[in-house]
Amino acid sequence: MHIHWFPGHMTKAIRMMQKEMSVVDSIIYVLDSRAPLSSINPKFDEIINAKPILYILNKADMVPKNEVLKWQRYFEQQGKKCLVTNSTQKGGTKAIVESLLEINSQVIERYRNKGVSKTIRAMVLGVPNCGKSTLINSLLSRSKALTGNKPGLTRGKQWVSIDKYIDLMDTPGTLYPDFEDQHKARNLAFIGSINDDVLDIVELASELLVFLNENYPDKLVERYKMESFFQNYWENLEFVGKKRGFVMRGGDIDIEKTAMAVIQDFRKQAFGKLILEKV
Ligand SMILES: Nc1nc2c(ncn2[C@@H]2O[C@H](COP(=O)(O)OP(=O)(O)O)[C@@H](O)[C@H]2O)c(=O)[nH]1
Ligand SMILES: [Mg+2]
């Protein structure tokens, strides 16, 4: 499958982010822990323009802990500030506030010398569905940011205050203008960063089954009692469809429905914790 998708509203989003960048002091770069490198968008690097960045490995609850800690070390070894979060839970505020103040200490100090308390304005970036809005929500006492499990929900721009001296701006999730690396595109499709409407779900589900067979064969046994793997992708889906009871009138298996169920099993963590990209 070749994934090529960059809807017009994302060009607009990038332009908006670029324009806002002049009033931004710092960046919160949200990554999906299941695929940290795939959720790095080279387009962002162009617009960030040397602002201090706090990397967030979000959805850490969905991957094995030792794997996410390896990724945290990976970023730290490159001299990057990196935190591990589960945004669906409150309580990460202190670490994020402290880290933001730390990476912005130079500018804060410069203002302090002039007798001014500087408010740090941080832009929250990340591919669609990585949890930007949920993260901002978790940092607010009241729910103000919009969230939804659909790419491209957040379109307007908004500043919210999470601390006396820290304001955050949510941004629309933005993808690469083009996917040179189809492996990354596939990962982004798995994690729900690319609108399912433009994907071939049957092909995507087959690729997910291949990934699971190569990396987590036990999960296929646990979830689908799948002891052996077929060379033919159709047969794999038929096998799963039969197990899930997706039989149509006449006895054929509903392959489309099966494929969507496989993808949803991954997204809803029916296979338990797993990671798509290892350090
Ligand atoms: N398990 C888990 N789910 C999360 C986490 N953060 C966000 N989500 C879910 O991911 C989906 C997308 O979140 P959202 O904040 O709208 O993503 P955005 O597009 O980056 O703003 C929602 O269903 C969230 O509940 C997390 O840390 N762990
Ligand atoms: Mg959002």
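See the structure shown above.
What you see is a predicted model, and the numbers here were worked out from it, not measured in a lab.

Definitions and cut-offs
- Residues numbered from 1 in each chain as written.
- Chains lettered and ligands numbered in written order.
- Predicted model: local features only at pLDDT ≥ 70, side-chain atom pairs only at ≥ 80, totals over all residues.
- Heavy atoms only, no water.
- Helix = DSSP H or I, 4+ residues; strand = E, 2+ residues; numbered from the N terminus.
- Rg over C-alpha atoms; globule rule 2.2 N^0.38 Å.
- Contact = heavy atoms within 4.5 Å.
- Areas by Shrake-Rupley, 256 points an atom, 1.4 Å probe, with all protein chains shown as cover.
- Lys, Arg positive; Asp, Glu negative; His and termini not counted.
- Charge placed at Lys NZ, Arg CZ, Asp CG, Glu CD.
- 1 Å grid on protein atoms, 1.4 Å probe; cavity = no way out; pocket = protein on both sides within 12 Å on 5 of 7 lines; lining within 4 Å.
- Points joined across faces, edges and corners; volume = space filled by probe spheres on them.
- Nonpolar A, V, L, I, M, F, W, Y, C, P; charged D, E, K, R; others polar.
- Phe/Tyr/Trp six-rings, centres within 6.5 Å; stacked < 30°, edge-to-face > 60°.
- Buried < 20%, exposed > 50% of the residue type's maximum accessible area, 1.4 Å probe, protein only.
- Lys NZ or Arg CZ within 6 Å of the ring centre and 35° of its normal.
- Disulfide = S-S within 2.5 Å.
- Polar contact = N/O pair within 3.5 Å; in protein donor to acceptor, adjacent residues only side chain to side chain.
- Pairing = 2+ DSSP bridges.
- Near = heavy atom within 4 Å.

**Description of the overall build of the protein chain**
Consideration 1: Along the backbone of the protein chain there are 11 helices and 6 strands.
Consideration 2: Taken against the 2.2 N^0.38 rule, which gives 19 Å for 279 residues, the C-alpha radius of gyration of the protein chain at 21 Å falls within 12% of a compact globule.
Consideration 3: Its C-alpha atoms put the protein chain at 80 × 40 × 35 Å along the principal axes.
Consideration 4: In the protein chain, of all internal contacts separated by at least 6 residues, the share reaching a separation of at least 24 is 70%.
Consideration 5: Here the protein chain displays about 13,700 Å² of accessible surface, and carbon together with sulfur accounts for 47% of that area.
Consideration 6: Seen as two clouds, the 40 positive and the 33 negative side-chain charges of the protein chain have centres 8 Å apart.

**Considering empty space enclosed by the protein**
Consideration 1: Under the definition given, this model contains 1 cavity of 30 Å³ or more.
Consideration 2: By volume, the largest cavity amounts to about 40 Å³.
Consideration 3: Arg 34, Met 62, Phe 266, Gln 269, Phe 271, Gly 272 and Leu 274 are the residues that line the largest cavity.
Consideration 4: Class assignment for the residues of the lining of the largest cavity results in 4 nonpolar, 2 polar and 1 charged.

**Let's talk about the packing of aromatic side chains**
Consideration 1: Enumeration according to the criterion identifies 11 aromatic pairs in this entry.
Consideration 2: Note on Phe 211 and Tyr 216: the rings are 6.2 Å apart at their centroids and 50° apart in plane angle, and the pair reads as tilted.
Consideration 3: Overall, the relative accessible area of 8% leaves Phe 211 in the buried class.
Consideration 4: Through pairs of rings, three or more aromatic residues link up here, namely Tyr 29, Phe 44, Tyr 55, Trp 71, Tyr 74 and Phe 75.
Consideration 5: Over the ring of Tyr 111 we find Lys 114, and its NZ or CZ is 4.8 Å from the ring centre.

**Regarding the state of the cysteines**
Consideration 1: Under the criterion given, the structure shown has 0 disulfides.
Consideration 2: A disulfide-free cysteine, Cys 82 has its sulfur positioned 13 Å from the sulfur of Cys 130, the nearest such atom.
Consideration 3: We classify Cys 82 as buried; its relative accessible area is 2%.

**Considering the side chain of Thr 174**
Consideration 1: Structurally, Thr 174 is set in the loop between β6 (166–170) and α7 (182–190).
Consideration 2: A polar side-chain atom of Thr 174 sits 2.9 Å from the main-chain carbonyl oxygen of Pro 172.
Consideration 3: Beyond its immediate chain neighbours, meaning those up to four positions away, Thr 174 contacts Met 10, Ala 13, Ile 14, Met 17, Asn 41, Phe 44, Gly 126, Val 127 and Pro 128.

**Comments concerning the environment of Asp 163**
Consideration 1: Within the secondary structure, Asp 163 sits in strand β5 (residues 158–163).
Consideration 2: Here the alpha-carbon distance between Asp 163 and Ser 117, two residues 46 residues apart in the chain, equals 13 Å.

**Quick look at the pairing of β5**
Here is the key point about a regular strand: its side chains alternate between the two faces of the sheet.
Consideration 1: In this sheet, β6 lies alongside β5 in antiparallel orientation, the contact comprising 5 bridges. Looking at the pairing, Trp 159 lines up with Met 169 of β6.
Consideration 2: Between the end of β5 and the start of β6, which pair antiparallel, lie 2 residues.

**Topic: the site of ligand 1**
Consideration 1: Contacts to ligand 1 come from 17 residues, most closely from Asp 61, Ser 87, Asn 129, Lys 132 and Thr 134.
Consideration 2: Take Lys 59: an N or O atom from its side chain is 3.0 Å from an oxygen atom of ligand 1.
Consideration 3: Within the backbone of Asn 129, one N or O atom sits 2.9 Å away from an oxygen atom of ligand 1.
Consideration 4: Compared with its free state, where it exposes 590 Å², ligand 1 has 85% of that area covered by protein.
Consideration 5: With 3 residues, helix α6 (residues 132–139) is the single largest residue contributor to the shell around ligand 1.
Consideration 6: Of the residues in the shell around ligand 1, the class split is 3 nonpolar, 11 polar and 3 charged.

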